[in-house]
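Observations on chain architecture
Spelled out from the first residue to the last, the chains are:
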Amino acid sequence: MATQQREGIFSKTEWKFIGFLTLAFVLTPVFYGLPLLSPLFALSTSLRHERRKMTWLWIIASILVLMSIAPFILRAAGLSNFVVK
């Protein structure tokens, strides 16, 4: 008896990746370093075996954190007055 395999648009691993990526974007406005928690939590799932997806997750989360703290870094360097005292 042949078993039917369920075919979908995305695999289970891809859905996890999309979920953790969305989590990183959602956590960005809450606090500066929180997007880095998304790839950290992803390490506790089966997604950790997907090297390429984990690398992208870390890169995107790091860029989001850098974008969050960039005004403060520029202010400290004296290059911007964007941050209000």
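Anyway, here's the lowdown on the structure attached to this text. (Residues numbered from 1 in each chain as written. Predicted model: local features only at pLDDT ≥ 70, side-chain atom pairs only at ≥ 80, totals over all residues. Heavy atoms only, no water.)

1. Side note on the environment of Thr22
Mapped onto the fold, Thr22 is located in helix 1 (residues 12-27). The spatial distance from the C-alpha of Thr22 to the C-alpha of Pro35 is 9.7 Å, given a sequence separation of 13 residues. (Helix = DSSP H or I, 4+ residues; strand = E, 2+ residues; numbered from the N terminus.)

2. So, the side chain of Ser38
Following the sequence through the fold, Ser38 ends up in helix 2 (residues 37-42). Contact partners of Ser38, with chain neighbours within four places excluded, come to Phe20, Leu21, Leu23, Ala24 and Leu57. (Contact = heavy atoms within 4.5 Å.)

3. Brief notes about the packing of helix 1 against helix 3 (residues 51-76)
Their axes nearest at 10 Å, the elements helix 1 and helix 3 cross at an angle of 10°. For the element pair helix 1 / helix 3, the angle class is roughly parallel. Facing Thr13, Glu14, Phe17, Phe20, Leu21, Ala24 and Phe25 of helix 1, the residues of helix 3 in contact are Lys53, Trp56, Leu57, Ile60 and Leu64. Considered class by class, the residues forming the contact of helix 1 with helix 3 number nine nonpolar, one polar and two charged. (Axes fitted to C-alpha atoms, helices over the stretch in contact; angles between N-to-C directions. Parallel < 35°, antiparallel > 145°, perpendicular 65-115°, else oblique. Nonpolar A, V, L, I, M, F, W, Y, C, P; charged D, E, K, R; others polar.)

4. With respect to the nonpolar core
Proteins that are soluble and globular tend to have nonpolar side chains buried together. Phe17, Phe20, Leu21, Ala42, Leu47, Met54 and Leu57 together form the largest nonpolar core, which totals seven residues. With three residues, the single largest contributor to this core is helix 1. In this structure Met54 touches Pro39, Ala42, Leu43, Leu47 and Arg48, once residues within four positions along its chain are discounted. (Core = buried A, V, L, I, M, F, W, Y, C linked by side-chain atoms within 4.5 Å. Buried < 20%, exposed > 50% of the residue type's maximum accessible area, 1.4 Å probe, protein only.)

5. As for the packing of aromatic side chains
Two aromatic rings are characterised by how far apart their centres lie and by the angle between their planes. Here the structure, examined in full by the defined rule, presents three aromatic pairs. Between Phe31 and Tyr32, the aromatic rings sit 5.2 Å apart at their centres with planes inclined by 40°, giving tilted as the arrangement. On the accessibility criterion, Phe31 (52% relative accessible area) is exposed. Judged by its relative accessible area of 35%, Tyr32 is partly exposed. One aromatic cluster is present, formed by Phe31, Tyr32 and Phe72 through successive ring pairs. (Phe/Tyr/Trp six-rings, centres within 6.5 Å; stacked < 30°, edge-to-face > 60°.)

6. Some points on helix 3
Taking 1.5 Å per residue, 26 residues should reach 38 Å; helix 3 reaches 36 Å between its end C-alpha atoms and fits that length. Residue Ile69 marks the point of greatest curvature in helix 3, where the axis turns by about 50°; the proline Pro71 follows within four residues. Here helix 3 has its buried residues at Met54, Leu57, Ala61, Leu64, Val65, Ser68 and Pro71. Summarising the contacts, the buried residues of helix 3 are in contact with helix 1 and helix 2. (Expected span 1.5 Å × (residues − 1). Bend = angle between axes of the 7 residues up to and from the residue.)

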